[in-house]
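Structure at a glance
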Amino acid sequence: MFKNKVDEKAYSHNYYLEHKEELKAKQKIWRETHKEQWNGYNKKWRKSNPDDVRERAKKYRTENRDKINKKRRENHFKYKEKQKEYRDNLKLKVFNHYCNGDIHCQCPNCPETNPKFLTLDHINGGGNQQRRELGSSTAIYKWIIDNNYPEGYQVLCANCNFGRQMYGVCPHEKEIK
Ligand SMILES: [Zn+2]
Ligand SMILES: [Zn+2]
């Protein structure tokens, strides 16, 4: 059928190009129905062609940079979301305990109930030191839960915390007197 090897090669290459999608689909089905065999081939090939493997991976990364970055961003985002959920849960659990189930700023007369504005206050100070020792406020919440909610903590909003630091007592309390 072919005059020489070169023609045969050209023909098969043309044939491949013309039937690319069809052949790819067939290969895919074969791979899926012969998983173990395919994995065996693949492993062997990868082992004996490490340079090719590297080159292909590099090519794939270059050609799919946007896709890879998008995936990476998505995963990072998902991870961040999970972390945030975990932190929020710990925080709410601790707030809930020190507020007896009704989360609010415990400064008298302060109307703040939004947990986003609330922080945990060490009644006798030492908050900064504990944060230094444990590493983060999340670690403090975790520590409190693990130690069965020790005494000496209260929930305050950022304003009242600031008021206490600035004036010794929160201006809310001064107004009452
Ligand atoms: Zn407050
Ligand atoms: Zn206050």
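Before any of the text, the structure's been laid out above.
Described below are features of the structure shown in this document. Note that the structure is a prediction, hence the values are computed from the model and not measured. (Residues numbered from 1 in each chain as written. Chains lettered and ligands numbered in written order. Predicted model: local features only at pLDDT ≥ 70, side-chain atom pairs only at ≥ 80, totals over all residues.)

Things to note about the overall build of the chain
Going by this rule: Each helix is a run of DSSP H or I of at least 4 residues and each strand a run of E of at least 2, with the numbering of both proceeding from the N terminus. Here the radius of gyration uses the C-alpha set of atoms, whereas the globule reference equals 2.2 Å times the residue count to the power 0.38. Labels follow a simple rule on C-beta atoms placed from the backbone: if 20 or more others lie within 10 Å of a residue's own, it is buried; if 12 or fewer, it is exposed; otherwise it is partly exposed. This entry defines residue contacts through backbone-placed C-beta atoms, with two residues in contact when those atoms are within 7 Å.
Within the chain, the regular secondary structure consists of nine helices and two strands. Shown N-terminal to C-terminal, the secondary structure of the chain runs as helices and strands in the order α-α-α-α-α-β-α-α-β-α-α. In terms of C-alpha radius of gyration, the chain reaches 32 Å, well past the compact-globule figure of 16 Å for 177 residues. In terms of principal-axis extent, the alpha carbons of the chain reach across some 110 × 30 × 30 Å. Within the chain, buried positions represent 10% of all 177 residues. Of the contacts made within the chain by residues no fewer than 6 positions apart, 63% connect residues no fewer than 24 positions apart.

Description of the nonpolar core
For clarity, the cut-off: Throughout this description, the term nonpolar core refers to a group of buried Ala, Val, Leu, Ile, Met, Phe, Trp, Tyr and Cys residues whose C-beta atoms join them within 7 Å.
Judged by nonpolar contacts, the single largest core of 14 residues is most densely connected at Cys-105, Leu-118, Leu-156 and Cys-160. Sorting the residues of this core by element identifies helix H5 (65-98), helix H7 (137-146) and strand S2 (153-157) as the ones contributing at least two each. Considering every element that reaches this core, the biggest residue donor is S2, with four residues. Ignoring sequence-local partners within four residues, the contact set of Leu-156 consists of Cys-105, Gln-106, Cys-107, Leu-118, Thr-119, Asp-121 and Asn-161.

Things to note about unusual backbone geometry
Positive phi is not limited to glycine here, since Asn-100 has a value of about 50°. Among the secondary structure elements, Asn-100 is positioned in the loop between H5 and strand S1 (118-122). Residue class for Asn-100 comes out exposed when judged on the 8 C-beta atoms lying within 10 Å of it. Phi angles above zero are rare outside glycine, and Tyr-149 is one such case at about 55°. On the secondary structure map, Tyr-149 appears in the loop between H7 and S2. Residue classification places Tyr-149 among the exposed residues on the basis of 12 C-beta atoms within 10 Å.

A short note on the packing of H5 against H7
For the record, the criterion: Where helices are involved, their axes are fitted lines through C-alpha atoms of the stretch in contact, as for all axes, and angles between N-to-C directions lie from 0 to 180°. If an angle is under 35 degrees, it is roughly parallel; if it is over 145, roughly antiparallel; if it lies from 65 to 115, roughly perpendicular; otherwise it is oblique. The hand of a helix crossing depends on one turn: near helix anticlockwise from the far one by less than a right angle means left-handed, and clockwise means right-handed.
It is the contact of H5 with H7, at a shortest axis distance of 9 Å, that shows an interaxial angle of 50°. Taken together, the axis directions place H5 and H7 in an arrangement best described as oblique. Of the two elements, H5 crosses H7, and the hand of that crossing is left-handed. Residues Arg-87, Leu-90, Lys-91, Lys-93 and Val-94 of H5 form the contact with H7, whose participating residues are Thr-138, Tyr-141, Lys-142, Ile-144 and Ile-145.

Looking at the pairing of S2
Selection criterion: Two strands form a pair only when DSSP identifies at least two bridges running between them.
With four of five residues buried, S2 is to be regarded as a mostly interior element. When S1 meets S2, the two strands line up antiparallel, connected through five bridges. Directly across from His-122, in S2, lies its bridge partner Tyr-153.

With respect to helix H4 (residues 50-63)
Note the cut-off: In a helix, the anticipated span is given by 1.5 Å times the number of residues less one.
A rise of 1.5 Å per residue sets the reference length of H4, with its 14 residues, at 20 Å; its end C-alpha atoms lie 20 Å apart and thus fit the reference within 8%. With zero of its 14 residues buried, H4 lies for the most part at the surface.

Some remarks on helix H6 (residues 127-134)
An α-helical segment advances 3.6 residues per turn. Residues three or four places apart therefore align on the same side. In terms of residue burial, H6 counts as a barely covered element, since only zero of its eight residues are buried. Phi turns positive one or two residues past the end of H6, at Gly-135, with a value near 100°.

Focus on the packing of H6 against H7
The line we're drawing: Residues are sorted three ways: Asp, Glu, Lys and Arg are charged, Ala, Val, Leu, Ile, Met, Phe, Trp, Tyr, Cys and Pro are nonpolar, and all the rest, Gly among them, are polar.
Put simply, H6 and H7 touch, their axes get as near as 8 Å, and they point 95° apart. It follows that H6 is roughly perpendicular to H7 by the angle criterion. Between H6 and H7, the residues in contact are Gln-130, Arg-131 and Leu-134 and Ser-137, Ala-139, Ile-140 and Trp-143, respectively. Looking at side-chain class alone, the contact of H6 with H7 contains four nonpolar, two polar and one charged residues.

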